Structures are given as structure tokens and as C-alpha cells.
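Architecture and fold: a report
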Amino acid sequence: MQLNARVPEGPLQDKWDNYRENMKLVSPANRRKFKIIVVGSGLAGASAAASLAELGYETQCFCFQDSPRRAHSIAAQGGINAAKNYQNDGDSIWRLFYDTIKGGDFRSRESNVYRLAQVSNNIIDQCVAQGVPFAREYGGTLANRSFGGAQVSRTFYARGQTGQQLLLGAYSALSRQIGLGAVDMRTRHEMLDLVVADGRACGIITRNLINGAIERHNAHAVIIATGGYSNVFYLSTNAKGCNVTAAYRAYKRGAAFANPCYTQIHPTCIPVHSERQAKLTLMSESLRNDGRIWVPKKKGDKRPPNKIPEDERDYFLERKYPSYGNLAPRDISSRSAKEVCDEGRGVGESGYGVYLDFRDAINRLGEDVISERYGNLFQMYEKITDENPYKVPMRIFPAPHYTMGGLWVDYDLMSTIPGLFVAGEANFSDHGANRLGASALMQGLADGYFILPNTIGNYLASQKPALVDVKHSEFEKCEKEVCEKIKRILSVKGKRTTGVFHRTLGRLMWDYCGMSRNEAGLKKCLEEIPRIREDFWKNVIVTGTGEHFNMMLERAGRIADFLEFAELLCYDALDRDESCGAHFREEHQTAEGEAKRNDAEYSYVSAWEYKGAGEKPVLHKEPLKFEFVHMAERSYK
Ligand SMILES: Cc1cc2nc3c(=O)[nH]c(=O)nc-3n(C[C@H](O)[C@H](O)[C@H](O)COP(=O)(O)OP(=O)(O)OC[C@H]3O[C@@H](n4cnc5c(N)ncnc54)[C@H](O)[C@@H]3O)c2cc1C
């Protein structure tokens, strides 16, 4: 397997312009001769499908929900970054680029991150033009707030429902194309495999989730925009349906999987309240603009928060990171919360919680202003916990949230399989070992609206791939394998539900491969995962058949993939014998408990190649070169 990132030559600031000036073009009349499949209709998929169809390509888009607008992107609360510098507080494209590179602990590609910062400003213009109701200042200009890991206000937002509003924008662009007949939208269709013929991605196999029909779809290029895999931990802030299936099955067909061990734990989620819970709820990071995070100074102090006097509170982030305070990046804030809870100073029944307190902000700004900024989040918190956050501090704790790893892509966002492109959270690009807040939405939309429409055109014009007939033997073989897998799941007829296996896997991953990891724990995971997998294939129960709507069957397929993918994640975590960003190896920490990187040996992207069932995958390394920034120790003090 060859990893060629295909980064254009020249100064960083000019690479993307150079690329576009020199790329090959498909003329407008020829575009309709090319067919493109987009799997996923979240921000990345919907923006890509709408833009490609607008350009004139024959576009087909798939999602497993009943409507594109139910994609998980709808859950994003806090905001989307862009370097507009409306605040005049010193922001610039360079600063957004630098914050992102530094926030990712120098484990991402300079060229991609710089391009992301460049196109961030176009995204805001595009979304405003679509009518996305961003918050505005009194004079009508767009408002901004700050997010973790930045000292400037560059986050555009629509109350606490930014993802929903952005998705409605992308969805309306997509709907327009569906209405024009330019996008063939297939809802309730799940991609179950990628078809590769003559070394190129040439289509997919899907299952119609309503009637169980297995279908073949061919195309000149395929885009996977299927989101992240945080649900490998079972409990996470992701929607229940989020999964790794499309990306993992593409990996099994030859696409390298990059940095699977970079999984982000978000510091501000509502703490776990029961063993039987199915998901966790995020409280947006934007709350940290006004909320102050603290725990009692004394261990085991069970007094109600309002009874704990000021001098007996430890505002631990403000104490440890005075420059960034409560806006310290997510990995750092999450670990700090874990640390105080491990010391026995955590709050709430379980002791795994810290306070997020708005008392001072309410006294300073008034309840109305706080309600204006975060009203829907406060309401959501109260509905879930039955506590009024205007009166009592919220209780929060870190939870699995986002995955920086994903299919490896080059500068064109093309995987190691020619013709297979990957966008949004499903690819590994841009965030390195840790994602700063408000940059996932930015990346998904950058990929879909601005990058893929150029790079796919370049691929089609220069490679001129042929459309492979769905009767081709590779389609036939692939479909057969998909059907056999479904049959195998249905034939187990065991006694335990898919949820039991998922919970067992998730617990193991959270305990040994979650917020922090060590060699012994990772080796334990690598021994346990195959056992859980074996047990699954002997004892799982899936009732009904494959010929109708059967959510048990859908879930079983996704959990079967998580049970294989988790092993890959642990291999990667074990290989990376350093701490960086969200990957915290306990063996490598400074005297103050901060992550200790090892640039000399680990400054690479790990890209794993599938070698067959039960075989250890092979690691390939893409060395990371920093020509334009100096790799410095990451400090937020
Ligand atoms: C609670 C929450 C809040 C967040 N808040 C923010 C925020 O404020 N700012 C920010 O920048 N980021 C935020 N994020 C992260 C951000 O929302 C996601 O990273 C981003 O929306 C992912 O978009 P996507 O298009 O890549 O994937 P998704 O929106 O997850 O879309 C995936 C799509 O793929 C489809 N799909 C998946 N598998 C298959 C398959 N096998 N076959 C067919 N279709 C498939 C789904 O149907 C769906 O349409 C938040 C995340 C969460 C969980």
C-alpha cells in the first residue's frame, strides 16, 4: 500500500489556489455523463451531494434514516468556526490554522489544515446566503462567541442548535436538487459494502431497510460521508444509529484506516445515571464561556453546591490554566475533570461529576441574557435531570463524543482506493490527535461545499474512469458476501440481545481505551475483544427475517463491525507509545500530569491495512512534516 498525500508544491498560503489553477476540469456538458454516489446526508454528505448535483453530475445520495435531515449533524449545538475576525480581536486565517494544528497536538497535515482555515470564511457566506439564522449583534452583523482552545471569538452560532440550522440549510440545497431530479435520494438505505473493480471504487451494495432488498449501485466515484464511530464505547453523545459500518467495510476492501485511536472525550456531558442508559447528552462547550467549572476543595464534601462557600471551591481549570481557564481545550479539560474525581472530589451520586456554575454570570449579566444565549440547553438539562440550572449548578462529566480517526485520505480527500473519497467525520483529516470545538461542522461543510466539487472533477477529468456494469463479477461477489453475512447473523438464534454485546464491548473500551490508556489495559482489550466477538457469533439473538423492516438486524450488523473495529482501535493505541491530544498513554506524562509527546518517533499518521479475518493489520506510516510551523510543546497556561 502506497501513501501519497499528493500535497501541492509551493507556499502554504498558495497551495489550494495553485491546485485549483492547475487541476483538470470536466466541462459542464460532460458532467452529466458522470455518476457519483454519496453515502450519508449529514452536513458533509448533504453539502457534497447538493454541490455536485448543482455542478451537473448525476448524483445519488443514501442515508439510513427516513429523511436526510435526521442525520446526526442535527445534534450539534455550539457553533462553527471561521476566521472572519468580525470581533477585531486579532483573528486571522493563519491564527485559525495555527490553533487547529496546535489543538491537534501537531498530528495533522499542515496543508489540509491551512486550506480548512482558508475556506472557513466561504462557508459562513454560503450558509448566510442559504438563510441559516446565525445569531446577530444589535446592529445586524453576525455574532461570535469563543470556544475551547482559542483566545479569539470566531464561533458562529444559532443559539444552541447550530447543527440543526446548518443542516436545514444544506438540506434545502439538497432538496432543491432532489426536486430538480438531479439527486436521486435513497433514504432508509444502508450501505453494506463497497465494490472495487480493476482497483477502483465503482459502486456500493445497499440494503433497503424497509423491505430488505439488497441492491447494487454503480458510479464513477463514491463518497463516504457516514460520520464517526464514538458508539464503539456504547455510551456516547452520538445518536444511537451512528456506526462505523461503511468506513469499516471500505477498510476491508482496501482503504487504509488512519489514526483510529484518536477518539475525543468531551468534557461537558450530563453524567451517566444508570447502567441501562442508551446514550449520553452533551451540554455544548459554548456554556464554558459563561459557566465556571469547579469541585469542592475537600474530598467527599456532599453539601449542596450553594452551601459550599467560595473559599472552599476549587475552580480547577482557572487555577491550572490561567490564560484559557474554562476554555481550555477538550482533552485537557476532560482529563482535569477525571483527575479531581479520581481524587475523590467529584460531585453527584456517583462522584463522577463536576459543577458547571452560572451563578456569577447570572449576577453579572442577568438571567435574561443567559437565557437568550443558552436557553434551550438549560431547558434540555432541566428536562433530563429535573434540576434548574439557573438556580443550581449543572453537573457534568466527560463522555465519548467525536472521532478524529477515520479513513485515510490524501489532499484530494481520496482514500487509498482510487475513486473512493471520504468526507466529514468519516475521514481522518484535519484534526490530528484532538479536535477543537466548532471545527467539525466547519470541516464537514468545507469538504462538501468547497473541496470535493473540485477534487472529484480533477479525478474524473484526469482518470476518466469507466462505469462498471452492475452485472460485473465484483458486484455479484460482493452482493453474495453481504447476503451470506445477513444469513449468518439470522441463523445464530442465540439468547442474548445485540445490546448486551454492545454494552460489554463499550464498557471494556471505556475502561481500558477511553480517556486514558496503558499498555497492560490495551493488551487486556486485545485479548477480550475476540472473546466477546466469538460469544456474539454463538449467542446473539436476532428475531424476524431479512425481508422486512428489522432494526435488530440492522443493529446486529453494526455491532458485528464494532466488534472487529475495536480491535483495530486498540492496535493503534498500543502502537502509539506516546501521549498526544486525546490519546493519553499513562506511561507518558509530564510531572504535572500533562500529555508528553514523542515527536522524534511518533510524528506520523498511522494508516492501517486490512490483511484478512483474524490477521493482524499492517501499519503504514505517513510522516508528518512541519515546514511552516514550529512544533512546540502544547501549553495553555
Ligand atoms: C451532541 C453533539 C454536538 C456537537 N456539537 C458540535 C458543534 O457545536 N460544533 C461542531 O463543529 N461539531 C459539533 N459536533 C460534531 C459534529 O456534529 C459532527 O462531527 C458532524 O455533524 C458529523 O457530520 P457528518 O456529515 O460527517 O456525519 P453525520 O451527520 O453523522 O451523518 C452521517 C450520515 O451518514 C449516513 N450513514 C451512516 N452510515 C451509513 C450507511 N452504512 N449507509 C447509508 N448511510 C449511512 C447517516 O444516515 C447520515 O446521513 C457535535 C457532535 C455531537 C454528537
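Here's a quick rundown of the structure. (Residues numbered from 1 in each chain as written. Predicted model: local features only at pLDDT ≥ 70, side-chain atom pairs only at ≥ 80, totals over all residues. Heavy atoms only, no water.)

With that settled, consider the site of the ligand. Neighbouring residues of the ligand: 38 residues in total, closest Gln-65, Ser-73, Gly-78, Met-191 and Glu-425. Phe-64 is positioned such that a nitrogen or oxygen atom in its backbone is 3.1 Å from an oxygen atom of the ligand. The separation between an oxygen atom of the ligand and a polar side-chain atom of Ser-73 is 2.5 Å. Protein burial of the ligand: of its 1,000 Å² of free accessible surface, 97% is covered by the chains. Taken together, the elements giving at least two residues each to the shell around the ligand come down to α3 (43-55), β6 (189-197), β15 (394-403) and α12 (440-463). Of the residues that constitute the shell around the ligand, the class distribution is 17 nonpolar, 18 polar and 3 charged. (Near = heavy atom within 4 Å. Polar contact = N/O pair within 3.5 Å; in protein donor to acceptor, adjacent residues only side chain to side chain. Areas by Shrake-Rupley, 256 points an atom, 1.4 Å probe, with all protein chains shown as cover. Helix = DSSP H or I, 4+ residues; strand = E, 2+ residues; numbered from the N terminus. Nonpolar A, V, L, I, M, F, W, Y, C, P; charged D, E, K, R; others polar.)

Let us look at the sheet that holds strand β8 (residues 214-218). The 3 strands lie next to each other as β6-β7-β8, forming an open sheet whose pairing is antiparallel. At either margin of the open sheet sits one strand with a lone partner, and together these are β6 and β8. Shown here is a sheet whose adjacent strand axes are inclined to one another by a mean of 25°, direction ignored. (Pairing = 2+ DSSP bridges. Axes fitted to C-alpha atoms, helices over the stretch in contact; angles between N-to-C directions.)

On to the nonpolar core, then. By size, the foremost hydrophobic cluster in this structure holds 151 residues, and its most contacted members are Ile-80, Leu-194, Ile-223, Val-232 and Met-509. Discounting residues that sit within four places of it in the chain, Ile-223 has contacts with Ile-36, Ile-37, Val-38, Val-39, Ala-48, Leu-52, Phe-421, Ala-423, Leu-452 and Ile-456. (Core = buried A, V, L, I, M, F, W, Y, C linked by side-chain atoms within 4.5 Å. Buried < 20%, exposed > 50% of the residue type's maximum accessible area, 1.4 Å probe, protein only. Contact = heavy atoms within 4.5 Å.)

Another aspect to go through is the pattern of salt bridges. Once their charged atoms are close, side chains differing in charge can pair, the charge on each being opposite to the other. One pass over the structure, following the stated rule, counts 57 salt bridges. Glu-578 serves as the salt-bridge partner of Arg-107, at 3.0 Å between the closest nitrogen and oxygen. Placement of the pair is Arg-107 in the loop between α4 (93-103) and α5 (110-130) and Glu-578 in the loop between α16 (551-575) and α17 (599-602), with a sequence separation of 471 residues. Glu-578 carries the same exposure label as Arg-107, and that label is buried. Where Arg-303 meets Asp-301, a salt bridge forms, and the shortest distance between an N and an O atom there is 2.7 Å. On the basis of relative accessible area, Arg-303 is assigned to the partly exposed category, the value being 28%. For Asp-301, a relative accessible area of 11% corresponds to the buried category. (Salt bridge = Lys/Arg side-chain N within 4 Å of Asp/Glu carboxyl O.)

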